[in-house]
Amino acid sequence: SDLHEFIHGLPKCEHHVHLEGCMSPELIFELAQRNGIELPAATNPAYASIASLSARYEHFTSLDDFLSFYFQGMAVLCNKADFADLAWWYFSKAHADGVHHAEVFFDPQVHEDRGIPYETIAEGFSEGCKRAERELGMSTRLILCFVRHLPVDSAQKVYENFLASGHFQAGVVHGLGWSSTEVGPPKDMYRAQYADAKARGIPLTAHAGEEGDPSHISVALELGARRIDHGIRLIEDPALMKRVAEEGILLTVCPLSNVRLRCVKKVEEVPIRRFLQAGVKFSINSDDPAYFGGYILDNYCAVQEAHKLSVLEWRIIAENSVQESWIPNERKAELL
Ligand code: ES4
Ligand code: ZN
């Protein structure tokens, strides 16, 4: 329809995509071979072939079920060039979808756990970012994510490597987030790291209210997050929702992810209209596009199919995603 043309042409900003979530089954098999890494086909038959792995991605039962594949998939990344190529692949695809600015997550703890140095990871991904800025005219931001399924000590170690690298001052890494298993580990497990980062003026975000109840969102805000990744369960706490709207906190919503991980049955259940009505700012994002069946434009189109938004509503969404991007006003003016 005409509106799909219009949606394709909207200047998009992506705020919620994990670079490791851009590893397609094809790339996993290719890098496993190139880097001499054995995929666990003996214990998990899904790894028998590209086709069986792709088919398995259509039947995730929960966030943790997905995460086991996500962490296995990223274990084939070894060299700086692997990280740089993966980031470049994502930016090329996003650019084709009409993304002008992208803020992308990466999970150094998981790679460090298997012996890859922090510098290889961050500098490899950063190389991909710089290439997208040079060759595609995009603006990019790298956000380092702590992962909640590993001990807080390992996050502290990565945090110290990050501080020692000078990457924040150099603009290589722009902010911090947390992700992975939501329900189970202490809600405030990064209290110390977030307090320290906040004092240094490092922008903070956090995955919360995806599988977990709204108290995960309020704890994230208490610890200094100024953005919430997912946050769809915010609608269960009207008082908190009012506060999020008043404070202009952005939710980075990922509709196809929510369906694949069974947080909702269908995109119709993602509370897009409730957020619009309550004046809650949100952006629409792809999360782990290689695992969830679509990049950002697929997510925009799925929202349109399910919610039939007006041109005016789409303009509000696009404008909020520019305004709440972590970029200077001059760059916002270029994007609007
Ligand atoms: C994630 Cl969908 C999702 N939720 C939490 N953590 C994640 N890491 C990568 N994708
Ligand atoms: Zn995510």
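Residues numbered from 1 in each chain as written. Chains lettered and ligands numbered in written order. Predicted model: local features only at pLDDT ≥ 70, side-chain atom pairs only at ≥ 80, totals over all residues.

Asker: I'd like a description of the environment of A122, backed by residues and values.
Answerer: In this structure, A122 sits in helix α7 (residues 118-136). C-beta crowding within 10 Å serves as the criterion here: with 24 such atoms nearby, A122 is assigned to the buried category. With 115 residues separating them along the chain, A122 and D237 place their C-alpha atoms 37 Å apart. (Helix = DSSP H or I, 4+ residues; strand = E, 2+ residues; numbered from the N terminus. Buried ≥ 20, exposed ≤ 12 C-beta atoms within 10 Å, placed from the backbone.)

Asker: Give a detailed account of the UniProt feature "active site" (unreviewed entry) in the chain, specifying residues and quantitative values.
Answerer: Feature annotation in UniProt places "active site" (unreviewed entry) on E210, given in this structure's numbering. As for its position among the elements, E210 is in the loop between β5 (206-208) and α10 (215-222). Under the C-beta neighbour-count criterion, E210 is labelled buried, with 24 such atoms within 10 Å. Excluding residues that lie within four positions of it along the chain, E210 makes contacts with L63, E182, H230, I232 and C263. (UniProt positions renumbered as here; feature names shortened; annotations may be inferred. Contact = placed C-beta atoms within 7 Å.)

Asker: Describe the UniProt feature "site: Important for catalytic activity" (unreviewed entry) in the chain, and please don't skip the residues or the numbers.
Answerer: Cross-referencing UniProt, the feature "site: Important for catalytic activity" (unreviewed entry) maps to H230 in the present numbering. Residue placement: H230 occurs in strand β6 (residues 227-230). The class for H230 is buried, based on 29 C-beta atoms found within 10 Å. Contact partners of H230, with chain neighbours within four places excluded, come to H207, A208, G209, E210, V253 and C254.

Asker: Outline the sheet that holds strand β1 (residues 12-18), supporting the account with residue identities and numerical values.
Answerer: Ordered in space as β1-β2-β3-β4, the four strands form an open sheet in which the pairing is parallel. Either end of the sheet is taken by a strand with one partner, and the two such strands are β1 and β4 (175-179). Averaged over all pairs of adjacent strands, the angle between their axes in this sheet comes to 30 degrees, without regard to strand direction. Pairing of strand β3 (residues 139-147) with β4 involves five bridges; the strand directions are parallel. Looking at the pairing, F146 lines up with W178 of β4. (Pairing = 2+ DSSP bridges. Axes fitted to C-alpha atoms, helices over the stretch in contact; angles between N-to-C directions.)

Asker: Please give an account of the sheet that holds strand β7 (residues 250-253) that cites residues and values.
Answerer: Reading across from one edge, β5-β6-β7-β8 is the order of the four strands in this open sheet, with parallel pairing throughout. Among the strands making up the open sheet, the edge pair consists of β5 and β8 (282-284). Ignoring which end each strand starts from, the neighbouring axes of this sheet average 30 degrees apart. Pairing between β6 and β7: three bridges, direction parallel.

Asker: Any chance you could break down the site of ligand 1 for me, citing the residues and the numbers?
Answerer: The environment of ligand 1 is formed by H18, G21, L63, Y70, S179, S180, H207, E210, S257, D287 and D288. Taken together, the residues that form the shell around ligand 1 break down as two nonpolar, six polar and three charged. (Near = placed C-beta within 6 Å. Nonpolar A, V, L, I, M, F, W, Y, C, P; charged D, E, K, R; others polar.)

Asker: Kindly report on helix α16 (residues 311-323), identifying the contributing residues and their values.
Answerer: Given a rise of 1.5 Å per residue, 13 residues ought to cover 18 Å, and the 18 Å separating the end C-alpha atoms of α16 matches this to within 8%. Residues of α16 that are buried: I317, A318, S321 and V322. Across the axial projection of α16, the buried residues extend over an arc of 135 degrees, all falling on one side. The secondary structure elements touched by the buried residues of α16 are β1, β8 and α17 (329-335). (Expected span 1.5 Å × (residues − 1). Arc of directions from axis to C-beta.)

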